[in-house]
Amino acid sequence: MTRDATVHPQSGDLTRLLDTERRLAERLQAARAEAESVLARARADVAKREAALAAELEADQGRMVERLARERRKRELEIAAEAERQATAYASVSAQRLTAVSGVLVRRLLDDESAP
């Protein structure tokens, strides 16, 4: 009986096949280890970047809080100065002038009410 080499590989072929399978398994294991290493480095890099961005955001927020406080204080001073100017201007109006203006206003109101 003749032996069919496709059905029953010869002993040398089997040895080569087993060696190839072993080498492929080693390569696969090395590739998996390398992939895990790359993934670990990528995760560490992402964590560093996230921490840097968080620190940058916190610094930006601090600067914005300071800026808003300065702008609010500046506006408060502007409003206080304007109020002071208006109070000074009102205080400089004489009692005689206030009486005259109030008289004009009263007459206008009364004229408006009596109009048909």
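Fair warning: this is a prediction, and the values are worked out from it, not measured in the lab.

A. Molecular detail of the overall build of the protein chain. What the protein chain contains, in helices and strands, is two helices and zero strands. Taken over 116 residues, the protein chain has a buried fraction of 0%. Of the roughly 10,900 Å² of accessible surface on the protein chain, 59% is carried by carbon and sulfur atoms.

B. Representation of the pattern of salt bridges within the structure. Per the stated rule, a full pass over the model turns up ten salt bridges. Of the charged contacts in the structure, one is a salt bridge between arginine 85 and glutamate 82, with a shortest N-O distance of 2.7 Å. A residue pair is termed a helical-turn pair when its members lie 3 or 4 positions apart in one helix, as arginine 85 and glutamate 82 do in helix α1 (residues 11–91) at three residues. Relative accessible area serves as the criterion here: at 33%, glutamate 82 is assigned to the partly exposed category. Look at the salt bridges and you will find they share partners, linking Asp19, Arg22 and Glu26 into a network.

C. Expanded view of helix α2 (residues 95–114). Given a rise of 1.5 Å per residue, 20 residues ought to cover 28 Å, and the 28 Å separating the end C-alpha atoms of α2 matches this to within 8%. For α2, the buried fraction is low: zero of the 20 residues fall into the buried class.

D. Molecular detail of a nonpolar patch on the surface. On the surface, a cluster of nonpolar side chains totalling about 280 Å² of accessible area is made up of Leu14, Leu17 and Leu18. Along the polypeptide, leucine 18 turns up in helix α1. Among the residues examined, leucine 18 registers a relative accessible area of 48% and is labelled partly exposed.

The rules behind each value
- Residues numbered from 1 in each chain as written.
- Predicted model: local features only at pLDDT ≥ 70, side-chain atom pairs only at ≥ 80, totals over all residues.
- Heavy atoms only, no water.
- Helix = DSSP H or I, 4+ residues; strand = E, 2+ residues; numbered from the N terminus.
- Buried < 20%, exposed > 50% of the residue type's maximum accessible area, 1.4 Å probe, protein only.
- Areas by Shrake-Rupley, 256 points an atom, 1.4 Å probe, with all protein chains shown as cover.
- Salt bridge = Lys/Arg side-chain N within 4 Å of Asp/Glu carboxyl O.
- Expected span 1.5 Å × (residues − 1).
- Patch = residues over 30% accessible without salt bridge, like charges linked within 9 Å, V, L, I, M, F, W, Y side chains within 5 Å.

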